[in-house]
Amino acid sequence: MKLTKKTILEKLKKIKKIKWHKKPKVVKKNTLKRKLRAFDLKMDRRQREPSAKPKTIDETMRICSNCGNKYVGRHCPQCGQAGTWQRYTFKQAILNFLDIWGLGNRPMFRTLKELFWRPGYMVRDYLEGRRQFYFPPFKLLALVIMLLLLISLIPGVQMESNFYWCKDTTIPEGMLSGVWLMLANWALSFGEFLSRNMLYEYLFISVVFVICVWIAFKPKSRYNLVETYIFMIFIVSQSLLLDVPDMLIKGVDHACETHLMSTASLVAPTMGLMTVLSVLQVAIAVFSVWLLVLSFKQFYELSWKSTIMWLFLAFIVALWVVVVLGYTVGYLHGDLDSVAFIYAVLLLVLIPAAFVIARKYFNRNETLVPPKFITLGKIKMLFLLFLPFIGFTLYQQQVPAALSIMLFIAYTALVMGFSFLPIWLYKKYHRDLIAYSPSLIVLILCFLYLIIW
């Protein structure tokens, strides 16, 4: 066939009409990721089911041995007496004695079991009305602290309060006056009271952390602040129970150092035992972190990725609270001046506010731009976490406070601007290259700077 201009144009038109499709993505079967995902779904399905199930309905007609009331069921509806009773035995006497401390009933042991198997789902069941099957959270916390105090009597095991510094902190004369001096003295007295009463200390610590958690998880939560506080009490009890083996290991370590190391023939076995104990401590720490993430994942019903992200945000909020408290103590103790305290307060306000504004902007535009630009903006927002290091450098170089505040605000605005710029450019021009161009320019400039430097 002879090729003419007409035939060539017809062939080109046919080629233009052809729709080019990408090759379908081949899904690899039985990969490690798919196996882990299937195992996670299987375990989650098992953990959703509570181990405690209601008993079958008892239709037996009984006469109450306490008040003589006729009723159907296991307990008298008039006085609460059990329908069946047994003669007192040694076992019954021990259970009644343990019931004084809350240990003589099955909900205590069931709660301890589910606190390490399905902690988040257990708290959800408790908040949704299944409360007779589980131990009350505040009683559980009191018993766990009592157990830790008993273990702290072992030689070499010390349980120091988080507010021990309040006993030695004094306010220099002339630093504060009037209402501020009164508030500072009250805060130190309150901290000293908490250092002497561990139950109230952990109740107060739970209040501080629950506010951080509630702020971070509020977009994904359907629970109010009080319900989140109940969840946090269970989590604090869980973390304190995980401190028990760590305290026992410290006691064994102290015994090895004080008694066994004095005998030369026991040096090698003792060193081997201490190595095993160190590995065990690391394993307990890793298990504690995993159990914490699992508890939040089950309670809020999120994926592993989302749970870690929101926990990281809660950690950032808690970190700034601790920083402000630390700067306040240093300021009252005379170790830091007022400029450092101003820096801490400004960072506490500036960084969370910037993240809140960025989250609202990303949520508003997630349906208007491809997900890759939202992810790119979130990655750029992480550079805002370098602001404390910038503040520390400015403080060390004794830069004036007014100039430092202006630099803080300018750096925050710069990071937010570069985070929002790809989204804005894509909405305006609808081209990937134009949206990526600011990031590419910054990368090229950084590369050239490293080469020249």
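Basis of the calculations
- Residues numbered from 1 in each chain as written.
- Predicted model: local features only at pLDDT ≥ 70, side-chain atom pairs only at ≥ 80, totals over all residues.
- Heavy atoms only, no water.
- Disulfide = S-S within 2.5 Å.
- Buried < 20%, exposed > 50% of the residue type's maximum accessible area, 1.4 Å probe, protein only.
- Helix = DSSP H or I, 4+ residues; strand = E, 2+ residues; numbered from the N terminus.
- Contact = heavy atoms within 4.5 Å.
- Axes fitted to C-alpha atoms, helices over the stretch in contact; angles between N-to-C directions.
- Parallel < 35°, antiparallel > 145°, perpendicular 65-115°, else oblique.
- Left-handed = near helix turned anticlockwise from the far one by under 90°.
- Nonpolar A, V, L, I, M, F, W, Y, C, P; charged D, E, K, R; others polar.
- Core = buried A, V, L, I, M, F, W, Y, C linked by side-chain atoms within 4.5 Å.
- Phe/Tyr/Trp six-rings, centres within 6.5 Å; stacked < 30°, edge-to-face > 60°.
- pLDDT = per-residue confidence, 0-100.

J.: Explain the state of the cysteines to me, please; I cannot follow it from the model alone.
T.: Two cysteines form a disulfide when their sulfur atoms are joined by a covalent bond. Evaluated as defined, the whole model comprises zero disulfides. With no disulfide of its own, C64 lies 3.5 Å from the sulfur of C79, the closest cysteine sulfur. C64 provides the cysteine sulfur closest to C67, a residue in no disulfide bond, and the two sulfurs are 3.7 Å apart. Residue class for C67 comes out partly exposed when judged on its relative accessible area of 34%.

J.: Can you help me understand the side chain of N365 in this one?
T.: For N365, the location among the structural elements is in helix α12 (residues 338-365). With relative accessibility at 2%, the residue N365 sits in the buried group. Beyond its immediate sequence surroundings of up to four residues, N365 is in contact with I374, I423 and K427.

J.: Please clarify how the packing of helix α14 (residues 387-396) against helix α15 (residues 401-429) should be interpreted in this entry.
T.: A pair of packed helices is captured by two measures, namely the crossing angle of their axes and the spacing between those axes. Interaxial distance between α14 and α15 falls to 11 Å at its minimum, and their mutual angle equals 160 degrees. The angle between α14 and α15 places the two elements in the roughly antiparallel class. Crossing handedness for the pair α14 and α15: right-handed. Only S404, L407, F408, Y411 and T412 of α15 make contact with α14, whose side of the interface consists of L387, I390, G391 and L394. Partitioned by chemical class, the residues of the contact of α14 with α15 number six nonpolar, three polar and no charged.

J.: Sorry, what's going on with the nonpolar core here?
T.: One broad rule of soluble globular proteins: the nonpolar side chains tend to lie buried together. Counting 48 residues, the largest nonpolar core has F217, F234, L240, F296 and Y300 as the members making the most contacts within it. Elements with a contribution of two residues or more to this core: α4 (106-117), α5 (119-127), α6 (137-151), α8 (198-217), α9 (225-258), α10 (267-300) and α11 (304-333). Top contributing element to this core by residue count: α9, with 12 residues. Apart from the residues lying within four places of it in its own chain, the contact partners of F296 are V213, F217, F231, M232, E301, T307 and L311. L346, V369, F408 and A435 belong to the second largest nonpolar core, which has 25 residues in total.

J.: Please explain the packing of aromatic side chains as it appears in this structure.
T.: To describe a pair of aromatic rings, you give the distance between the ring centres and the angle between the ring planes. Taken as a whole, this structure holds 21 aromatic pairs when the rule is applied. Aromatic side chains F299 and Y300 sit 4.9 Å apart centroid to centroid with 85 degrees between the ring planes, which places their arrangement in the edge-to-face category. Here Y300 falls in the buried class, since its relative accessible area comes to 6%. Linked through ring pairs, F217, Y223, F231, F296, F299 and Y300 together constitute an aromatic cluster.

J.: What exactly am I supposed to notice about unusual backbone geometry here?
T.: Peptide bonds are, in most cases, trans, and in most cases residues other than glycine have a negative phi. Unusually for a residue other than glycine, Q398 sits at a positive phi of about 55 degrees. Inspection of the secondary structure assignment puts Q398 in the loop between α14 and α15. Given the relative accessible area of 70%, Q398 is considered exposed. A positive phi angle, close to 60 degrees, is found at H430, a residue other than glycine.

J.: It is not clear to me how the environment of V210 should be interpreted in this structure. Could you clarify?
T.: Here V210 shows up in helix α8. We classify V210 as buried; its relative accessible area is 3%. With sequence-adjacent residues up to four places away left out, V210 is seen in contact with L225, T228, Y229 and M232.

J.: Can you walk me through the confidence of the model for the protein chain in this structure?
T.: Where the model shows low pLDDT, its predicted coordinates should not be examined in detail. Within the protein chain, residue pLDDT values average 80, and 84% of them lie at 70 or more. Taking the mean pLDDT of every element in the protein chain, the minimum, 60, falls on helix α1 (residues 5-17) and the maximum, 92, on α5. Between residues 16-22, whose pLDDT stays under 50, and residues either more than four places distant or in other chains, the model counts zero contacts.

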